[in-house]
Amino acid sequence: VLGRMGMTSEVIRHEDYRPGCLDGFDLVIVGPGPGDPREGDNPKMARLREAVAALLEEQRPFLAVCLGHQALCHQLGIPLAYKDIVFQGTQSPVTIDGRTERVGFYNTFVGRVTDPEAEVPDGVRVDTDPDTGDVNALRGPHYRGLQFHAESILTQRGYDLVHDLVVDLLLD
């Protein structure tokens, strides 16, 4: 999707992450799993959390997707939970920025809030499932998080969603 938008990208795997290795990039995408975001002792989760913490501290623009979104939720103090119904290759309607989107989910874990006013930091806005409190998307001052996969064929307007998020982050 990024290539279609005229962007170039480089993949840095979790085992190759070192402080400073993300310097020089206009935008970082903290990618999907697999993995259990609650396992802070796991080397992959530890590196993922370290990268997200550094991006937050440095106020660098980034987009967190699926497991990356869950790591972002963790860093923001949003509780992580095992999903009531596991979504692996499931298309569901969600409300994002006040409009309904049909998106593709591939997740077992989720950030979940029961009281957004108490559980979400100031300056952060969340779009949640009204029945479960599952955080489908979040927006902060220099970052965005998506629990779903906008790049999936299951997401009907995926290109537009990614485009709008990237433009928003780069022009923020």
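Everything below is about the structure shown above.
Rules used throughout
- Residues numbered from 1 in each chain as written.
- Predicted model: local features only at pLDDT ≥ 70, side-chain atom pairs only at ≥ 80, totals over all residues.
- Heavy atoms only, no water.
- Pairing = 2+ DSSP bridges.
- Helix = DSSP H or I, 4+ residues; strand = E, 2+ residues; numbered from the N terminus.
- Axes fitted to C-alpha atoms, helices over the stretch in contact; angles between N-to-C directions.
- Contact = heavy atoms within 4.5 Å.

*Asks:* So what's going on with the pairing of strand 4 (residues 99-111)? Residues and values would help.
*Replies:* Taken together, the 12 bridges between strand 3 (residues 80-96) and strand 4 define a ladder with antiparallel strand orientation. Across the sheet, the residue bridging to Thr 90 is Phe 105, located in strand 4. Connecting strand 3 to the next strand, strand 4, in antiparallel fashion are 2 residues, including Asp 97 with a positive phi near 50 degrees.

*Asks:* Give a detailed account of the sheet that holds strand 6 (residues 135-139), specifying residues and quantitative values.
*Replies:* The mixed open sheet is built from 5 strands, whose spatial order is 1-2-7-6-5. Of all the strands in the sheet, just strand 1 (28-30) and strand 5 (125-128) have a single pairing partner and so form its edges. Between one strand axis and the next, the sheet turns by 15 degrees as a mean value, whatever way the strands run. Where strand 5 lies against strand 6, 4 bridges are found, and the strand directions are antiparallel. Bridge pairing links Asp 127 to Ala 137 in strand 6. In the packing of helix 1 (residues 43-58) onto the sheet, contacts are made with strand 1, strand 2 (62-65) and strand 7 (143-146), and the angle to strand 1 comes to roughly 145 degrees. Across the sheet, helix 2 (residues 67-75) is in contact with strand 1, strand 2, strand 6 and strand 7; its angle to strand 2 comes to roughly 110 degrees.

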